[in-house]
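The chain contents come next:
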Amino acid sequence: DNRGTCLSSASSNDASADTAGKVECYILRYNHLLSGPEHKKEKAMVDAAKKAKLQGGLLWGTPGIVVVVPPSTEEDAKEYAAETRDIGKRPDGVQSMHLPESGIE
């Protein structure tokens, strides 16, 4: 359960934040994302991300998190958010965050 730590102290548009060595990524937070073959909406989300050739990762749980990383863009993340709404999984929005470059590839 990652409810208490997920994005709790993140500041998305802090102009004073040090962005050296960091890349802009996009975070989509869902109420919950559950793994397993019986969870058809989540499987449809993964299939949509593969079809769109998004780069990033997914954290199963409550809340569920999708991180979209470069070369995917903010527009890609917003289009994916709209597609997941059509699937029936509504994100809390798309949040921009600078994450360390190392490990992104």
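So, here is what we can say about the structure in this document. This is a predicted model, so every value here is computed, not measured.

Regarding helix α1 (residues 40–51)
Here α1 contains twelve residues, and its C-alpha end-to-end distance of 16 Å stays within 8% of the 16 Å for a straight helix at 1.5 Å per residue. Every buried residue of α1 is accounted for by E42, M45, A48 and A49. In a view along the axis of α1, the buried residues occupy a sector of 115°, so they form one face of it. When the buried face of α1 is taken as reference, the exposed residues oriented beyond 90 degrees from it are K40, K43, K50 and K51. Summarising the contacts, the buried residues of α1 are in contact with β1 (22–30), β3 (64–68) and α2 (74–87). K53, located one to two residues past α1, shows a positive phi value of around 55°.

Section: the nonpolar core
Of all hydrophobic cores here, the largest spans 13 residues; its most connected members are L28, Y30, M45, V66, V68 and Y80. Residue assignment for this core shows that the elements contributing at least two residues are β1, α1, β3 and α2.

Quick word on unusual backbone geometry
Cis geometry is found at the peptide bond from T62 to P63, where omega equals -5°. Within the secondary structure, P63 is located in the loop between β2 (56–59) and β3. Looking along the chain, the bond that leaves P70 and enters P71 is cis, with omega of 15°. Of note, the phi angle at K53 is positive, near 55°, even though the residue is not glycine.

With respect to the packing of α1 against α2
Between two packed helices, what matters for the description is the angle formed by their axes and the separation of those axes. Put simply, α1 and α2 touch, their axes get as near as 10 Å, and they point 150° apart. With respect to their mutual orientation, α1 and α2 come out roughly antiparallel. Considering only the axes of α1 and α2, their crossing is right-handed. Each of K41, A44, M45, V46, A48 and A49 in α1 lies in contact with α2, whose residues at this interface are Y80, E83, T84 and I87. In the contact of α1 with α2, the residues fall into seven nonpolar, one polar and two charged.

Reading the values: the criteria
Residues numbered from 1 in each chain as written. Predicted model: local features only at pLDDT ≥ 70, side-chain atom pairs only at ≥ 80, totals over all residues. Heavy atoms only, no water. Helix = DSSP H or I, 4+ residues; strand = E, 2+ residues; numbered from the N terminus. Expected span 1.5 Å × (residues − 1). Buried < 20%, exposed > 50% of the residue type's maximum accessible area, 1.4 Å probe, protein only. Arc of directions from axis to C-beta. Contact = heavy atoms within 4.5 Å. Core = buried A, V, L, I, M, F, W, Y, C linked by side-chain atoms within 4.5 Å. Axes fitted to C-alpha atoms, helices over the stretch in contact; angles between N-to-C directions. Parallel < 35°, antiparallel > 145°, perpendicular 65-115°, else oblique. Left-handed = near helix turned anticlockwise from the far one by under 90°. Nonpolar A, V, L, I, M, F, W, Y, C, P; charged D, E, K, R; others polar.

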